[in-house]
Amino acid sequence: MADIEVRAAHNVLEACAQTDTMEKVIFTSSVTAVIWREDHKSTTADELSERNWSYVNFCKKFKLWHGLSKTLAEKTAWALAMDRGVNMVSINAGLLVGPEISMKTSYLKGAAEMYEDGVLVTVDLKFLVDAHICVFEDISSYGRYLCFNHVINRPGDAVEFAKLLTPSTATTTLSAATSYEDLGIFEQRIGNKKLNKLMVDYKN
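Let us look at the structure shown here. (Residues numbered from 1 in each chain as written. Predicted model: local features only at pLDDT ≥ 70, side-chain atom pairs only at ≥ 80, totals over all residues. Heavy atoms only, no water.)

### Quick notes on the packing of aromatic side chains
In this description, an aromatic ring pair is defined by two values, namely the gap between the centres and the angle between the planes. Selection rule: Working definition: rings of Phe, Tyr and Trp (its six-membered ring) pair if their centres are within 6.5 Å, and the pair is stacked with planes under 30 degrees apart, edge-to-face with planes over 60 apart, and tilted otherwise. Runs of H or I in DSSP of at least four residues are treated as helices and runs of E of at least two as strands, each being numbered from the N terminus. Only protein chains enter the accessibility calculation, which uses a 1.4 Å probe. A residue is then buried if its area is under 20% of the maximum for its type, exposed if over 50%, and partly exposed in between. We count a charge as sitting over a ring when the NZ of a lysine or the CZ of an arginine lies within 6 Å of the ring centre and within 35 degrees of the ring normal.
Under the criterion given, the structure shown has four aromatic pairs. Considering the side-chain rings of tryptophan 36 and phenylalanine 58, the 6.3 Å spacing of their centres and the 20 degrees angle between planes classify their relative orientation as stacked. Within this pair, whereas tryptophan 36 is found in the loop between strand S1 (25-30) and helix H2 (56-61), its partner phenylalanine 58 is found in helix H2, the two being separated by 22 residues in sequence. You can call tryptophan 36 buried: its relative accessible area is 4%. Residue class for phenylalanine 58 comes out buried when judged on its relative accessible area of 5%. Here phenylalanine 58 and phenylalanine 62 contribute two aromatic rings whose centre-to-centre distance is 4.8 Å and whose plane-to-plane angle is 50 degrees, an arrangement assigned as tilted. Put simply, the rings of Trp36, Phe58 and Phe62 touch in pairs and so form one group of aromatic residues. Seen from the ring of tyrosine 145, lysine 194 lies directly overhead, with NZ or CZ sitting 4.3 Å from the centre.

In structure tokens, the structure reads:
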């Protein structure tokens, strides 16, 4: 699937490069192309931002196929865009929350580690759509933008998220939630200040 996604990214960007009327390309990627690295458990690691990339070998080693495919596809798109002079901006989205979400979602491989690392983030459809419109229409947009509007780093949030993923076991999960409160809050270690500032300036 990673190979297929890379070829798709290449083909789309190549088609855009050959279209004279194409003003800007908005490439939808994922937060998983940012968060996976060897030192992700280090307490001294800096907050993750658009500057970070997931390590390809790390993704392969731990079978993080979603992160691998998104990283390779986005890097392919950027390489071709720069080579062919395509005006491209990428949206690195958190997990899109909707009625079809389940534990089988490939994004969630490594979800426990994401939660403990403070990088388990989700995005609502409306926010994601608004972000795409904003970066497309704002002439000052450039590079990559992390896109999410909710961070799951509190026990209560984790319980609600688990209920969303496994509604059939919601009662059991909720009854055990009281013991989770002792775990405390994990520090958020990912930021989307760049996108938030762009969207505020755009709306003003």
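### Comments concerning the packing of helix H5 (residues 125-137) against helix H9 (residues 193-203)
Our working rule: Here the axes come from fitting lines to C-alpha atoms, over the contacting stretch only for helices, and the angles between their N-to-C directions go from 0 to 180 degrees. Here roughly perpendicular refers to angles of 65 to 115 degrees, roughly parallel to angles under 35, roughly antiparallel to angles over 145, and oblique to all remaining angles. We call two residues in contact when some of their heavy atoms are within 4.5 Å. Basically, the charged four are Asp, Glu, Lys and Arg, the nonpolar ten are Ala, Val, Leu, Ile, Met, Phe, Trp, Tyr, Cys and Pro, and anything else, Gly included, counts as polar.
With their axes 10 Å apart at the nearest point, H5 and H9 run at an angle of 70 degrees to one another. The pairing of H5 with H9 is recorded here as roughly perpendicular in orientation. Side by side, H5 and H9 meet where Phe127, Asp130, Ala131, Ile133, Cys134, Val135 and Glu137 of the first sit next to Leu195, Asn196, Leu198, Met199 and Tyr202 of the second. When the residues that make up the contact of H5 with H9 are grouped by side-chain class, the tally is nine nonpolar, one polar and two charged.

### Here's the deal with the sheet that holds strand S4 (residues 121-123)
Convention followed: When DSSP finds at least two bridges between two strands, those strands are taken to pair.
Pairing is mixed in the open sheet, where three strands are placed in the order S3-S4-S6. Each edge of the open sheet carries a strand with a single partner, namely strand S3 (95-96) and strand S6 (150-151). Here two bridges tie S4 to S6, and the two strands are oriented antiparallel to one another. The residue of S6 that forms the bridge with valine 121 is valine 151.

### Some thoughts on the pattern of salt bridges
Should their charged atoms come close, side chains of opposite charge can pair. Just so we agree on the cut-off: We count a salt bridge whenever a side-chain nitrogen from Lys or Arg sits within 4 Å of a carboxyl oxygen from Asp or Glu.
Under the criterion given, the structure shown has seven salt bridges. Across the pair arginine 84 and glutamate 14 runs a salt bridge whose closest N-O atoms are separated by 2.5 Å. Linking arginine 84 in helix H3 (residues 65-84) with glutamate 14 in helix H1 (residues 2-17), this pair joins segments that are 70 residues apart in sequence.

### Brief notes about H5
Counted only if it meets this: In a helix, the anticipated span is given by 1.5 Å times the number of residues less one. Starting at the helix axis, one direction is taken to each C-beta atom, and the arc is that of these directions.
For H5, spanning 13 residues, the distance from its first C-alpha to its last is 18 Å, which sits close to the expected 18 Å at 1.5 Å a residue. Looking at H5, one finds that the buried residues are Phe127, Leu128, Ala131, His132, Cys134 and Val135. With its buried residues spanning 165 degrees around the axis, H5 presents them on a single face. Those residues of H5 that are exposed and aimed more than 90 degrees away from the buried face are Leu125 and Lys126. Summarising the contacts, the buried residues of H5 are in contact with S1, strand S2 (88-93), S3, S4, strand S5 (143-147) and H9.

### Thoughts on unusual backbone geometry
Of note in the backbone geometry, lysine 63 takes a positive phi value of approximately 55 degrees without being a glycine. Structurally, lysine 63 can be placed in the loop between H2 and H3.

### Concerning the state of the cysteines
What counts here: Disulfides are defined as pairs of cysteine sulfur atoms found within 2.5 Å of each other.
Summed over the entire model, instances satisfying the criterion amount to zero disulfides. The thiol of cysteine 147 is unpaired, and the distance to the nearest cysteine sulfur, on cysteine 134, comes to 10.0 Å. Assessed through its relative accessible area of 0%, cysteine 147 is described here as buried.

### Some details on the sheet that holds S1
Strands sit in the order S1-S2-S5 across an open sheet of three strands; the sheet is parallel. Two strands bound the open sheet, and with one partner strand each, they are S1 and S5. Strand-to-strand, the axes of this sheet are offset by a mean angle of 25 degrees, without reference to chain direction. With six bridges connecting them, S1 and S2 associate as parallel partners. By the bridge assignment for S2, phenylalanine 27 is matched with serine 90. Along the sheet, H5 contacts S1, S2 and S5; its crossing angle with S2, the most-contacted strand, is approximately 165 degrees.

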